[in-house]
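Fold and contact review
In case you want the letters, here they are:
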Amino acid sequence: MSVDLISPIAQHLAVHLDLPFAQVAGLLGPPSRPAGDLALPCFVLAKAKQVAPPQLAQDLVAVVEELPGVSASAAGPFLNIDLAPEMVAEAVFTALLDDPVQALRSDQGAGKRVCIDYSSPNIAKHLAFHHIRSTMIGNALARCYRAAGWDTVRINFLGDWGTAFGRLIAGWQREGLCVEDLQAADDAVTFLNTLYVRISQAAKEDPSVAEEARAWSRRLEEGDARARELWQLFKEASLKEFRKVYDLLGVEFDSWKGEAYYEDKMQPVVDELQDQGLLTEDQGALVVDLTAQGLKKPCLIRRADGGSLYATRDLAACDDRFADYAFDRSLYVVDLGQALHFKEWFAVAQCLQRPYVDRLRHIGFGVVLMWNEEEKSWAKTATRNGVPMLLVDVLEEAIRRARAIVDEKNPELDEDERQTVAQSVGIGAVVFNDLKSGRRGDVKFHFDDALSMQGETGPYLQYAHARLCSIERRFAATYADPPSADPQLLQRSDEKTVLLHLARLSGALLRVVQEDEPSALAQALLAMAAAVSTWLSAGNQDHSARVVCDDPARAAARVALVRMARVALGEGLYVLGLQAPQRM
Ligand code: ARG
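Description of the structure in this document.

Parameters and conventions
Residues numbered from 1 in each chain as written. Predicted model: local features only at pLDDT ≥ 70, side-chain atom pairs only at ≥ 80, totals over all residues. Heavy atoms only, no water. Helix = DSSP H or I, 4+ residues; strand = E, 2+ residues; numbered from the N terminus. Buried < 20%, exposed > 50% of the residue type's maximum accessible area, 1.4 Å probe, protein only. Contact = heavy atoms within 4.5 Å. Near = heavy atom within 4 Å. Polar contact = N/O pair within 3.5 Å; in protein donor to acceptor, adjacent residues only side chain to side chain. Nonpolar A, V, L, I, M, F, W, Y, C, P; charged D, E, K, R; others polar. Pairing = 2+ DSSP bridges. Axes fitted to C-alpha atoms, helices over the stretch in contact; angles between N-to-C directions. Expected span 1.5 Å × (residues − 1). Bend = angle between axes of the 7 residues up to and from the residue. Core = buried A, V, L, I, M, F, W, Y, C linked by side-chain atoms within 4.5 Å.

Some details on the overall build of the protein chain
When helices and strands are counted, the protein chain shows 21 helices and 15 strands. With respect to the principal axes defined by its C-alpha atoms, the protein chain has extents near 85 × 65 × 45 Å. Looking at the protein chain as a whole, 52% of its 584 residues qualify as buried. Here the analysis covers contacts within the protein chain between residues at least 6 apart in sequence; of these, 73% occur between residues at least 24 apart.

Laid out in C-alpha cells, this is it:
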C-alpha cells in the first residue's frame, strides 16, 4: 500500500464542490514551490463552478480546515494545504512501517505486459562507453515497470547479422585460424576486431580477397554449414565478453533473439506489403511511401541487391514479439540519432493496420560526452590514444578511483569488503550520472564529478543510505529492548519533510512509467536524501534532535522513520540499477 495523503482531502473537497472525486484528486499534489505540503490549483474547478479561481481558493480554505490536522491558505488561484506532522506520520506509518518497500510499489500495471528492447549491441564489437545509456536506461525502466506491477520482457536485440561476418569468416579461413586461437586470446572481441582490420586491409589491396568475403557473406545467408559454424563461434565469443560487463552492471535479459533470428521471417512482411499495394519501386529498391503519414522520405524495405533492411527486420521482430507476448506496451531504448528509423517503421506498421501500433514507443536519449583532458573539452566519442573508450574500461577506472576513496575513508573494513564497496560506488557513480537528468539531453561524464560525495551523484545517495544503516546499528546497540514506534512522537518539521518525501516516492515511480523517464525517480531520491541529511544534521547542534536520543520512546519513533527511509532509498537505488552498501 503506498502512502495516500491526498484521497481524504480530495474526497472532502469533491463532496463540497459536487464534482467527481477523480477530478479533484488529479489536481491535488505537491506544490511546485515549497509553499505548503500540498497544493490545489483552482483554475479548472473554478471554471466548473463559474467563479474566479482566487475566489474559489479563498472559499476552500475553511472547507479543508474542517478536516482534523489540516490548515490552509489561499495564494492567488492556489489553495496551499499544510498537514500536521502527526497526521503525515500516521499515514506513512500505516502504509509503510511493516513493509517499507511498498514506498516504491504500485499495482498500476497489474495484468499488463511491457517489452523493453535495450542495450542491443552489435556482435564482434566492444561495448563502447556510450552503450551505458541504452543499457542502464533500459535496465532502470524494466525494474521500475516491474515495481509498478507490470510484467516485463527484457529483450537484447543483438546486431548479429551483416556483411562484417562474411569478412571475418574470409579472414579466418585465409589465416588458417582455429578455435584454440580464439580461446587463447585475452579478449575475444579484440581478437575479432584485429582480424577484421587485417582482412579489410587485404581486401583493399587485393580485389579477389574482397570477392572472397562477399562469397562468404552469401554462403552465410544461404546457411552453409562452415559459415554458420564460424558465425556461431564469433557470436558466442562476443556474448561471453558482453556478459562480463552485464554481470558487473547487474543487467539481465529474458530474450537474446538478435537480428539473425529474423532472417527468414522478413519475407512474409514484404509479401504482405506487396499484397496490400503498399510497396513501390525506387531505383531497384522496394520502399513504402509515407507522405500520407507526414514523412518526407519513404521507408526502405528491400535493397536493390535483394538484401533486407533494418526497418524490415524491426517490423518482423515486432510481429514476433506481439505473437509471443501480446504486449500492452513495447519500448525501444535507442539513441535519438535513430529517431527517424523508428518514426518510419512505426508508420509502416500503421499502414499495415497492426493492432499494436499505438503501443510502440521509441525511448530516445542524448549522447554521452566525456571530458578530454588533453584537449580540455567535452568529446562525443571518448578515446584513449585514438581507441574508443570501452564501457568496461570506464567501469574499472571508476572502481579503482572509488577504491582509493574507500581505503582513505573506511580503513576499518577488511580487504574484501572494501573492494565490494568500491565496486558498488564506482559503478553506481557511472550509472547514476547517466540517469539523473532527463534522458533526452546529452550527458556529461567526468570521473571526479560523478564520484563526488556531494551534489547529484550516486555516491551521495549511497552515502545517505549507509549513514541511515549506521544509525540503525547505533540504536540497536543502545536500546536492547526498545518500545514500539509511535508516529505521534514525530513532531519536528524536519521529520515531517522526510515523511513527505517518502510519501512522494510512489508518485515518482508512476511518473517513470508514464513518461519512461528514470530521472523522475532519481530526482525524488535526491530530494529525499537531502531532507534526510538536513534532519540528521540537526542532531549535531541540538542534542534533543538526535535520532538515538535519551528518550527511548522518541528514539524508537525516529529510528522507525530512519528504517523506512533507508529501505526506500535502498529500493530506489536498486530499481535505478545501483547497489546500496551498508557501510562506506
Ligand atoms: N544494434 C543497433 C545499433 O547498435 C541497435 C538496435 C536497437 N533496437 C532495435 N530494435 N532497432 O545501432
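Still more ground to cover, so stick around.
Topic: the site of the ligand
By nearness alone, every residue bordering the ligand is listed as D117, S120, N122, F157, Y310, D314, Y332, V334, Q338 and F342. Interatomic distance of 2.8 Å between a side-chain N/O atom of D117 and a nitrogen atom of the ligand. With respect to the ligand, the backbone of S120 contributes an N or O atom lying 2.9 Å from a nitrogen atom. Taken together, the residues of the shell around the ligand break down into five nonpolar, three polar and two charged.

Some details on the sheet that holds strand 3 (residues 78-83)
Within the open sheet, the three strands sit side by side as 1-3-2. Their pairing is antiparallel. Unpaired on one side and paired on the other, strand 1 (38-41) and strand 2 (70-75) mark the two borders of the sheet. Here the strands of the sheet are splayed against their neighbours by 20° on average, with no regard to which way each runs. Here four bridges tie strand 1 to strand 3, and the two strands are oriented antiparallel to one another.

Notes on the environment of G364
On the secondary structure map, G364 appears in the loop between strand 10 (360-363) and strand 11 (368-372). A C-alpha to C-alpha distance of 24 Å links G364 and Y262, two positions 102 residues apart in sequence. The residues contacting G364, other than those within four sequence positions of it, are V334, D335, L336, R439 and R440.

Notes on unusual backbone geometry
Although it is not a glycine, A124 sits at a positive phi angle of roughly 70°. The exposure class assigned to A124 is buried, which follows from its relative accessible area of 9%. The phi torsion at D516 lies on the positive side, around 50°, for a residue other than glycine. Looking at where D516 falls in the secondary structure, it is placed in the loop between helix 19 (493-515) and helix 20 (519-541).

A few points about helix 19
Helix length check: helix 19 (23 residues) gives 32 Å between terminal C-alpha atoms against 33 Å at 1.5 Å per residue, within 8%. Bending of helix 19 peaks at approximately 30° at the position of L505. Following helix 19 by one or two positions, D516 has its phi on the positive side, about 50°.

Things to note about the side chain of N80
Topologically, N80 is positioned in strand 3. If we ignore the near neighbours within four places in the chain, the residues touching N80 are A35, L38, A39, S71, A72, S73 and A75.

Focus on the nonpolar core
Ranked by internal contacts, the top residues of the largest apolar core, which has 168 residues, are I81, F129, L249, L502, L505 and L521. Sort the elements by how many residues they give to this core and helix 21 (residues 552-576) lands first, with 14 residues. Residues contacting L505, with those up to four places away along its chain left out, are A103, L104, L521, A524, L525, M528 and A568.

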